[in-house]
Amino acid sequence: LLARNVRENGERAICVRPGQRFEPLGDETCTVGMDEPRDYDALLAHVARNGAVSRIVHLWSVGDAGVPAAGADSFARAQSAGFYSVLWLAQALGRQDLSQPVDLFLVGDRFHSVAAGEDVAPEKATVLGLALVIPQENPAIRCGVVDLATGVQPDAALAERLHGEFSAVPSG
């Protein structure tokens, strides 16, 4: 929904989904192996063929799709989808010749307790450290975090609000 909203506003959007390896699936969709750091280099090279990257919205920390309910498997999956995918993406960006700043938005849920009594997911919260460190390590990458309330449904209204949030930050 967010990608469609972005495209309807005349901007380019490429959806990246977890897969077995980097693979372009047409002009607007790719997969990467979440646990394959080199896939992020391949992804950025593929995307750069059509122009520089200026804004990235990382949504793999939203919801619990594919994450076991509790325990070590839940932690490992959350780290792969969140912390490590962001780390490898930032490292791949750092290897690019960034002539313009890149805005990296990390979107998730349950990073913090947004409402009183709301559950948090500490296994997801590790990505927050990266949002602080990445811009210190590479000033060309600016990070923002959006923590959605638990149970927020991905609908057109949410996509519009998120697009507005990301568009309000000047890129470049």
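Here is a short report on the structure shown in this document.

Calculation rules
- Residues numbered from 1 in each chain as written.
- Predicted model: local features only at pLDDT ≥ 70, side-chain atom pairs only at ≥ 80, totals over all residues.
- Heavy atoms only, no water.
- Helix = DSSP H or I, 4+ residues; strand = E, 2+ residues; numbered from the N terminus.
- Expected span 1.5 Å × (residues − 1).
- Buried < 20%, exposed > 50% of the residue type's maximum accessible area, 1.4 Å probe, protein only.
- Arc of directions from axis to C-beta.
- Salt bridge = Lys/Arg side-chain N within 4 Å of Asp/Glu carboxyl O.
- Core = buried A, V, L, I, M, F, W, Y, C linked by side-chain atoms within 4.5 Å.
- Contact = heavy atoms within 4.5 Å.
- Pairing = 2+ DSSP bridges.

In a regular helix each residue adds 1.5 Å, so 13 residues correspond to 18 Å; helix α6 (residues 156-168) covers 18 Å between its end C-alpha atoms and thus fits that length. Three or more residues of α6 are buried, namely Leu158, Ala159, Leu162, His163 and Phe166. For α6, the buried positions fall inside an angular range of 130 degrees around the axis, keeping them on one side. For α6, the exposed residues set more than 90 degrees away from the buried face come down to Ala156, Glu160, Arg161 and Ala168.

Before going further, it helps to spend a moment on the pattern of salt bridges. One pass over the full model with this rule turns up 6 salt bridges. Taking the shortest distance from any N to any O, the salt bridge between Arg55 and Glu11 comes out at 3.4 Å. Residue Arg55 is located in strand β4 (residues 55-61), and its partner Glu11 is located in the loop between α1 (2-8) and β1 (15-19); the two are separated by 44 residues in the primary sequence. Here Lys124 and Asp109 are joined by a salt bridge, their closest N and O atoms 2.3 Å apart. Taken together, the residues Lys124 in helix α4 (residues 122-125) and Asp109 in strand β5 (residues 102-109) connect sequence positions 15 residues apart. Judged by relative accessible area, which is 8%, Asp109 ranks as buried.

This next bit is on the nonpolar core. Ranked by internal contacts, the top residues of the largest apolar core, which has 28 residues, are Tyr40, Ile56, Val86, Leu89, Leu93, Leu104 and Ile134. Counting residues per element, the ones that place at least two in this core are β3 (29-33), α2 (37-48), β4, α3 (72-94), β5 and α5 (127-137). Looking at which element gives the most residues to this core, the answer is α3, with 7 residues. Excluding anything up to four places from it in sequence, Ile56 contacts Leu89, Leu93, Val102, Asp103, Leu104 and Phe105. One finds Ala3, Ala13, Val146 and Leu148 within the second-largest nonpolar core, a separate group that totals 12 residues.

What follows is about unusual backbone geometry. In this structure, Arg110 takes a positive phi of about 65 degrees despite not being glycine. Among the structural elements, Arg110 can be located in the loop between β5 and α4.

A large share of β5 lies buried, amounting to 8 of its 8 residues. Burial along β5 is two-sided: Val102, Leu104, Leu106 and Gly108 facing one way and Asp103, Phe105, Val107 and Asp109 facing the other are all buried. By the bridge criterion, 5 bridges tie β4 to β5 in an arrangement that is parallel. Opposite Ile56, over in β5, you have Leu104 as the bridge partner. Strand direction decides the pairing type here: β5 and strand β6 (residues 141-148), joined by 8 bridges, are parallel. What sits directly across from Asp109, in β6, is Leu148.

For the rest of this paragraph, the subject is the environment of Glu160. Of note, Glu160 is situated in helix α6. The class of Glu160 is exposed, set by a relative accessible area of 55%. In sequence terms Glu160 and Val120 are 40 residues apart; their C-alpha atoms lie 25 Å from each other.

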